[in-house]
4 protein chains.
Amino acid sequence: MQKLKVGIIGAGRIGQVHAKSITYHIPQAEIIAVSDIYIEGAKKLAEELGIPNYYQDYHKILDDPEIQAVLICSSTDTHADIACEAAQAGKHIFCEKPVDLTVAKIKKVIDAVNKAGVKLQIGFNRRYDHNFAEIKRLANAGKIGRLQTIKITSRDPEPPAIAYVKVSGGIFLDMTVHDFDMARFIGGEVEEVYANATVMVDPEIGEAGDVDTALVALKFKSGAIGVIDNCRRAAYGYDQRLEVFGSNGQASAANDTPTNVSFIDETGNSSDKPLYFFLERYMQSFTDEMTQFIDCVVNDKPTRTTVYDGLEALRLGLAAKKSVEEHRPVKLSEIEG
Amino acid sequence: MQKLKVGIIGAGRIGQVHAKSITYHIPQAEIIAVSDIYIEGAKKLAEELGIPNYYQDYHKILDDPEIQAVLICSSTDTHADIACEAAQAGKHIFCEKPVDLTVAKIKKVIDAVNKAGVKLQIGFNRRYDHNFAEIKRLANAGKIGRLQTIKITSRDPEPPAIAYVKVSGGIFLDMTVHDFDMARFIGGEVEEVYANATVMVDPEIGEAGDVDTALVALKFKSGAIGVIDNCRRAAYGYDQRLEVFGSNGQASAANDTPTNVSFIDETGNSSDKPLYFFLERYMQSFTDEMTQFIDCVVNDKPTRTTVYDGLEALRLGLAAKKSVEEHRPVKLSEIEG
Amino acid sequence: MQKLKVGIIGAGRIGQVHAKSITYHIPQAEIIAVSDIYIEGAKKLAEELGIPNYYQDYHKILDDPEIQAVLICSSTDTHADIACEAAQAGKHIFCEKPVDLTVAKIKKVIDAVNKAGVKLQIGFNRRYDHNFAEIKRLANAGKIGRLQTIKITSRDPEPPAIAYVKVSGGIFLDMTVHDFDMARFIGGEVEEVYANATVMVDPEIGEAGDVDTALVALKFKSGAIGVIDNCRRAAYGYDQRLEVFGSNGQASAANDTPTNVSFIDETGNSSDKPLYFFLERYMQSFTDEMTQFIDCVVNDKPTRTTVYDGLEALRLGLAAKKSVEEHRPVKLSEIEG
Amino acid sequence: MQKLKVGIIGAGRIGQVHAKSITYHIPQAEIIAVSDIYIEGAKKLAEELGIPNYYQDYHKILDDPEIQAVLICSSTDTHADIACEAAQAGKHIFCEKPVDLTVAKIKKVIDAVNKAGVKLQIGFNRRYDHNFAEIKRLANAGKIGRLQTIKITSRDPEPPAIAYVKVSGGIFLDMTVHDFDMARFIGGEVEEVYANATVMVDPEIGEAGDVDTALVALKFKSGAIGVIDNCRRAAYGYDQRLEVFGSNGQASAANDTPTNVSFIDETGNSSDKPLYFFLERYMQSFTDEMTQFIDCVVNDKPTRTTVYDGLEALRLGLAAKKSVEEHRPVKLSEIEG
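Residues numbered from 1 in each chain as written. Chains lettered and ligands numbered in written order. Predicted model: local features only at pLDDT ≥ 70, side-chain atom pairs only at ≥ 80, totals over all residues. Heavy atoms only, no water.

1. Remarks on the interface of chain D and chain A
The partner chain A presents 27 residues to the 27 residues of chain D that form the contact. Looking at the side of chain D facing chain A, the largest losses of area belong to Tyr-24, Asn-260 and Phe-263 of chain D, adding up to 31% of the total buried there. Run the count over chain D and chain A and you get zero salt bridges. Run the count over chain D and chain A and you get 15 residue pairs in polar contact (both at pLDDT 80 or more). Of all the secondary-structure elements, those providing two or more residues to the side of chain D that touches chain A are helix H1 (13-25), helix H6 (130-140), strand S12 (249-253) and strand S13 (261-265) of chain D. When its residues are assigned to classes, the side of chain D that touches chain A shows eleven nonpolar, eleven polar and five charged. In this sheet, S13 of chain D lies alongside strand S12 (residues 249-253) of chain A in antiparallel orientation, the contact comprising five bridges. Bridge assignment links Gly-249 of chain A to a residue of S13 of chain D, and that residue is Asp-265 of chain D. (Contact = heavy atoms within 4.5 Å. Buried area = accessible area lost by both parts, 1.4 Å probe. Salt bridge = Lys/Arg side-chain N within 4 Å of Asp/Glu carboxyl O. Polar contact = N/O pair within 3.5 Å; in protein donor to acceptor, adjacent residues only side chain to side chain. Helix = DSSP H or I, 4+ residues; strand = E, 2+ residues; numbered from the N terminus. Nonpolar A, V, L, I, M, F, W, Y, C, P; charged D, E, K, R; others polar. Pairing = 2+ DSSP bridges.)

2. What to know about the interface of chain A and chain B
Contacts between the two partners involve 42 residues from chain A and, on the opposite side, 42 residues from chain B. Together, the buried faces of chain A and chain B total about 3,200 Å²; carbon and sulfur atoms form 56% of this surface. The largest contributions to the chain A side of the interface with chain B come from Gln-148, Met-200 and Ile-225 of chain A, which together make up 18% of the buried area. Taken together, chain A and chain B are joined by four salt bridges. One salt bridge connects Arg-241 of chain B with Glu-243 of chain A, and the closest N-O pair in it is separated by 2.7 Å. Here chain A is connected to chain B by 14 residue pairs in polar contact (both at pLDDT 80 or more). Mapped by element, the contributors of at least two residues to the side of chain A that touches chain B are strand S7 (147-155), strand S8 (190-198), strand S9 (213-220), strand S10 (225-231), strand S11 (239-246) and S12 of chain A. When residues in the side of chain A that touches chain B are grouped by element, the largest group, seven residues, is from S7 of chain A. Here the residues of the side of chain A that touches chain B are counted per class, giving 17 nonpolar, 13 polar and twelve charged.

3. As for the sheet that holds strand S5 (residues 92-95) of chain D
All names here are of chain D. If you trace the six strands from one edge of the open sheet to the other, you get S3-S2-S1-S4-S5-S6, paired in parallel fashion. The sheet is open, and its two edges are formed by strand S3 (53-55) and strand S6 (120-122), each paired on a single side. The average undirected angle you get between the axes of adjacent strands in this sheet is 20°. The pairing of strand S1 (residues 4-9) with strand S4 (residues 69-72) spans four bridges and is classified as parallel. For Ile-8, the partnering residue across the bridge sits in S4 and is Leu-71. Each of strand S2 (29-35) and S3 touches helix H2 (residues 39-49); the most contacted strand, S3, lies at about 170° to it. (Axes fitted to C-alpha atoms, helices over the stretch in contact; angles between N-to-C directions.)

4. Details of the packing of aromatic side chains
Taken as a whole, this structure holds 28 aromatic pairs over all chains when the rule is applied. Taken together, Phe-132, Tyr-238, Tyr-276, Phe-277, Phe-278 and Tyr-282 of chain A form an aromatic cluster joined through their ring pairs. Over the ring of Phe-245 of chain D we find Arg-155 of chain C, and its NZ or CZ is 3.9 Å from the ring centre. In this arrangement the basic side chain of Lys-136 of chain D is found over the ring face of Phe-185 of chain D, its NZ or CZ atom lying 5.0 Å from the centre. (Phe/Tyr/Trp six-rings, centres within 6.5 Å; stacked < 30°, edge-to-face > 60°. Lys NZ or Arg CZ within 6 Å of the ring centre and 35° of its normal.)

5. Topic: unusual backbone geometry
Of note, the amide linkage connecting Lys-97 of chain A to Pro-98 of chain A takes the cis form, showing an omega dihedral of -10°. Within the fold, Pro-98 of chain A resides in the loop between strand S5 (92-95) and helix H5 (103-116). Positioned with a positive phi, Asp-300 of chain C is a non-glycine residue whose angle comes to about 50°. Structurally, Asp-300 of chain C can be placed in the loop between helix H12 (283-298) and helix H13 (307-326).

6. Observations regarding helix H1 (residues 13-25) of chain B
Over its 13 residues, H1 of chain B extends 18 Å from the first C-alpha to the last, a length consistent with the 18 Å expected when each residue adds 1.5 Å. All of the buried residues in H1 of chain B are Ile-14, Gly-15, Val-17, His-18, Ala-19, Ser-21, Ile-22 and Tyr-24 of chain B. (Expected span 1.5 Å × (residues − 1). Buried < 20%, exposed > 50% of the residue type's maximum accessible area, 1.4 Å probe, protein only.)

7. Overview of the environment of Ile-162 of chain B
Residues and elements named next belong to chain B. Residue placement: Ile-162 occurs in helix H7 (residues 162-167). Judged by its relative accessible area of 17%, Ile-162 falls in the buried class. Counting along the chain gives 74 residues from Ile-162 to Gln-88, while the straight-line C-alpha distance between them is 36 Å.

8. Some thoughts on the relation of the copies chain A and chain B
When chain A is brought onto chain B, the operation consists of a screw motion whose angular component is 180° and whose axial shift is 0.0 Å, with 0.0 Å RMSD remaining. Viewed as a symmetry operation, the transformation between the two copies matches a two-fold axis. Proximity to the rotation axis, assessed at the C-alpha, singles out Arg-328 of chain A in chain A; its C-alpha lies 2.9 Å from the axis. The residues that chain A uses at the interface reappear at the interface of chain B in 100% of cases, marking a shared surface. (Least-squares fit on C-alpha atoms with pLDDT ≥ 70 in both.)

9. With respect to the pairing of strand S5 (residues 92-95) of chain C
Residue and element names in this part refer to chain C. Side chains His-92 and Phe-94 project from S5 onto one buried face, and the interleaved Ile-93 and Cys-95 project onto a second face that is buried too. Where the polypeptide runs from strand S4 (residues 69-72) across helix H4 (residues 76-88) and back to S5, its parallel neighbour, the crossover connection is right-handed. Relative to strand S6 (residues 120-122), S5 is paired through three bridges, and the arrangement is parallel. Counterpart to Phe-94 in the pairing with S6 is Gln-121. (Right-handed = clockwise from strand over helix to strand, strands pointing away.)

10. With respect to the side chain of Thr-213 of chain D
Assignment of secondary structure puts Thr-213 of chain D in strand S9 (residues 213-220). Overall, the relative accessible area of 0% leaves Thr-213 of chain D in the buried class. Separated by 2.9 Å, the side chains of Thr-213 of chain D and Asp-212 of chain D make a polar contact. In contact with Thr-213 of chain D, not counting residues within four places along its chain, are Gln-148, Thr-149 and Ile-225 of chain C together with Ile-171, Asn-196, Ala-197, Thr-198, Met-200, Val-201, Asn-230 and Cys-231 of chain D.

11. Examining the sheet that holds strand S6 (residues 120-122) of chain A
Neighbouring strands of a sheet are bound in pairs by backbone hydrogen bonds; such pairs are parallel or else antiparallel. Residue and element names in this part refer to chain A. Read across the open sheet, the six strands follow the order S3-S2-S1-S4-S5-S6; overall the sheet is parallel. The open sheet terminates on both sides in strands that have one partner only, identified here as strand S3 (53-55) and S6. Neighbour to neighbour, the strand axes of the sheet diverge by 20° on average, direction disregarded. Each of strand S1 (4-9), strand S2 (29-35), strand S4 (69-72) and S5 is contacted by helix H1 (residues 13-25), which is oriented at about 155° to S2, the strand it contacts most.

Structure below.
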C-alpha cells in the first residue's frame, strides 16, 4: 500500500500531537515534511519522529507535489490564509479550530475548498472523545428519544495568559466555540442564543474586555433547549461533561480521571479529580480525529467536520457576544452567514 | 413538659405527611384537631393517629384557644385567607407552598403575620433535604469559596392532570417555585431572570396555555449566575440535583435511589433509577422541616423560611413568566414586590 | 380490625427500636406491655410510647392471656430460657439473635416451639435490608445465574467494650453470626468452613482470648464458594457490603451514606463515609423485619427466619472457631446439630 | 544519546505489545532484531515497525554483540533456558511471566543471572497499572496504616482453550500467579496459603485436571490476612480489582471502563462493563513496565521485579495447588525454595 504523504504546518503543541498520532498509530499515512516559523521547533520534531524534511516557510510544503494533505497547526490568525493557499495547491486540509475569527475569511476558505474540490476537516476533536461519541451513538440509536434539553459543562483548570486573552476573540470565540460545536453535534442547528456573562475569576480578564464565567442558553431549531456553562478557572480542574435529556431517557458523560481508586478513612471517601487539561483528557480524541481524517482522504469519503461546522460555531460565538453586548436573546439569523 | 398543641387544616397527602411527622417523630408537639372540607378524610386521619377532634370547618380549629399552631395544608387558593385568619387568631403558622399566586395576597399575609406577631414558616421542604442541606453547609463553611455558578436540575416523573395544570398558575409558579427558593437558599437574592420555555412533553399542556420544559437563566445580586432546568416528565423518574461552583471547588448532589445495588452482566452495568417522586425522595425533609417549625415555636426562634421567602419565590416565577411572554431578560425589580 | 397484642421483654436499645416500629409503622399490632429487669427503662419506654403496662418481671407478660406475641430483646444469655417459657405459654415469638451460644439450648427452643405450635422469628434483620434483599431478588429471578462465589464484607466502626468481648462467645458467634446467616440466605447450606483469624485492632481483645480480624472461607453444598471478611474496627466506619458472582453476572451492594453529595476541589473528589453503625444503616430493615413478623402471626404464615436459621448460624460460628483452634478446614457435619 | 539496542525473542501478541512500546514511547531504546520460530511473524513485525533484522533462531540475537538487552516473549516452556543463555551471553533480560513452572529451573535462572551480573525484570505488569500503583503509593505514604486485610478480585472474561489449559500448569500457576505477585507487591511476604477450588465454568476444565473457580486465603508474615478470588469466566468481563484495608483506612481500585457515560431510562441506570481483557485493561502498564526496564538498564538501577519475585509467585502457586490436593493450609516453607 502507498502511504498518504502528509505535511505539517506548525510544530507547536498541537502539531506535535498530530505528528505523533500519524507516526505511531496511523499506518496509512506518513509525514514527509514539517514547517514552523520557529525553525528549531520544526527541526526538533523532525528529528524526534524521523520526518525527512523541515522548513521555516510553509510554502515549501505547499509547493511539494508529493504531499497530498496538510495539517494546519499554526497560530489562529494564519489558518484561513494558509487554508486558501493549500486548497489552491490541491492539498487536502486538516485545519485546527477556529478557522478564523471572522465570517468573511471563513467564507473565503469555503470558496477555495469548494473550488479546488479538496477535503477539509476542522479540528473539533471533542466529537471523537470516547464519552461524547458514545452519547452521540445512544442518540442516533434512538435510546434518548426526542431531544428535550442539552447541558454542556466546560470549565478550564486555569485561564490563558492575559496577552493571549487580548487576541483570543473573547471567551465565546476561543473557548465556547468547542461547546457550540458539541451542541450542534448532538442537537443540530441552533436558532437563538442568550448569554449571561461575568468576571468572577480574574479582574484582569475584565480589563482586557473579556469575561471569564458564562452561561449560554440555546434554542435549537428542533424545539429543544440547552445550556452551556463555561468558566476560565475551575479550582478542581478540567470539567468536561455533557448531559442529554430526551423523551426516553437521559445520557450523561462524567469526567475522566487518572485512576479509579477511592480511599476512605475517618474524614470521608476521596477519589481523583479530573485529568488535568485537554492534552490529558482528549489525547484519545486527537488520535481518533486524525485517523478519521486520513481515512476520509485515502478512501475518498466526506469529512465529518467541515469548514461549514467551523463557520457555524463561529457564528454562534458572535451571537453570544452580541447577546451580552445588547443584553437580549439573539437569533443566529442576525449574524452574517 | 407541656406539649405544643397543633391543629392541621387539610387532611390530604401533605397534611397526612406532616401529621405523621408530629405523631411519630416530634415529642414536643401533639395534634389535637384536624379539619378537611371532605370530613371523611379528617375523620380517617384522626382515627389512624389518635387525634381527638376532627372537623369539616377549619374555623373550629382557629377558634380553639388551646391550639397554639396550625398547619395550612389545604388547596393553594385558600392558603392566604386562612393564613390571615390564623394570624388574627394568634396562631403560629406553618403554610404549604405556594402561599398564593399573587403578590397582593401574600403581602396581606405578611401584614397580618407582622401585626399579630406570630411565626410563619413556608413549606419549602427542600432546604431540609439531606443532600441540599449538606451543600449549604459546605457553602457556609467556605469550602466552595465565592459562588460563581449554580445549576439546579428539577424534573418530574410525570406531569399533573391537565385540570390541575389549568389552575396551577403555570410551571414557573407551580413547579419552578421550589427551584427559585433553592436558588435563593444557596445563592442569595436574584436580580434578573431569563427563561426559555417549550412544549416537549404533552401538547395538551401547551393548549392549556402552559409549557412543560424550561430553562431559566439567573443573575444573582452577588454577581454569580445560575440556571434551572425543568421538565414535567423525565422518563427515568424524579431528577433532583444541584451543582454549585465556586472559586475553591464544586459541590454536587446526586439523586437518591431505592438501593445501592449494581448488577453487571454481558449487557453492561445497571443500577437503580431515582426514588419515584417527592413523597419518596423528600420524606426525610418533610420530617425535618416540621421538627424545625415546632422547635421555632416552642423555643421562640425565628423561622428559617418565612412568608417573605414565599413572596420572593413567587416574584421570580412571575418574572420568568414575563420573560417568556416578552422574550427578554426581566429584572426582578420590574415585578411588584 | 382487632390489633395483635404484643409484649416486649427488654427495653434496651433494640427493644426500643422494635417498640417504635410497631407503634409508628405497624397498624396491625399494638404493644400492651413492656418489661425490663431495670424497671426504670421499661417505665420510660412505656410512657414515651403510651404502652399501658410495664413490669420488672417478664413473667407478667407471659402470664397475660391477652398477649399473643412477645419480642425477646433481653440479654443473650436469657433468650433461650425465655423463648421456651414463652412457647409453653402459647405466645408467638420474635427473638433477637443469637438465640444462644450453645447448640443444646437452641435445640430445647426448637423442641418447645414445635411442641407448642407457635411461630418464632429470629432477628436476622439484614435479610430485610433494602440492598441485600434486592440482591436476593436478583438471585431468585435468575439474573445472576448459577452462583459461583459469594463475598461478604462486614466491618464494624469500633470494637465493643472488653467486658462485653469476654462474654460475647467470640467474634464468630457474636459478629460473624449475621454474616453466616447472610451467606445461607444467599447461597444456601454451607458444607465446610476455614477461618484465618488474627489480632490487628486491639491487643486486649487477644488477651481476652478472642480475635478481631478474620477471613472465613466457605464451601456451600451447591458447590459454590465464598468468603466473609470481618474486622472489629474499620477506621472509615461501618462497612457492610455483599458481592455475588454467578454464571450470568454479578450483583454488588455498596454501603449506604448520609448524603449523595460530592465535593471536589484541588485536593480531589470527596464524599461521605458510610452511615455510622447498625442503628443508622439497618433502621429500615428493623422496621421491615417486624412488619414481616406481625404479618406472619396475623395471617398465619410461616416466618422466613426460624430458630433453625439461628441454629445453623451458630453451628457455622462454632465451626469457624474450631477451624482457628485446629488450623484446618472444618466440615459443618463435625459440629453437633 | 546512544540508544539501548534491544532484541525481541518471540513476535506473538505480547512481543508485539512490547515492540510497539519501545518504538513509539521509549526514545532511549531501539529494537534492532526480532526472532520467532514462526519466522513470518518476525518478518511481519519487523516490517511494520522498521526493525532492521528478523530471524527464526533466537541464538542470532544472543550472538549479536551489539544487542545489549533481550525481551523473552516466547512460549513459557522456553523462558528459563533462553534466560540462562541470554545471561551467559551478557544480555540484560526482560522475561515474560511465568519464568517457569518448576522451582528448579527458576533457580538455574537466578544462578545464571547472578553469575553474569545482568539485570532481569519479570513481566509482572500489573504492578505498573495506574490503579494498583496508586494504591501502592497510598500504602507507602502511610495513608492506609498498618495493613490488615488484602482482597484481590481477578476474573477473566473467558477461559483459554482446553489445549492450553492442559499445559498451563493449572489455574494457580497460570492465572493466580499475577495475583500472588500483587499480594506480595502490596502485603509483602506470604507465610501460608489455603485454597478452595471448584469447577463451575466448564466441566472440560475439570476433566483436564484443573479447576476454574477458586478462593485463596493468605496469611502474610506481617500478620495481615488476605484473599484472592479467581474465576476463568466472568459473564460481565474482565474483573480486576483490589481492596486494601488498614488501621487508618481502605483503598480500593474499581475496574476501568471504555467510557464514563451513564444512561438512565425507565428501566434503570446503565453504564459500561469493564474493558474487555488484559490487552485493553493493561496497555498502559505494559508501556510503563517497559519504560521502567529500559530505564533500569540504561541508568544501571536495580529492576523492581526480579526473578526472585517470579520464584516466589510460583511457590505460592505450588502451595495453593498442594492446599487443594491435601485439603489443608500449606505453609510456604513446605515448598522447595
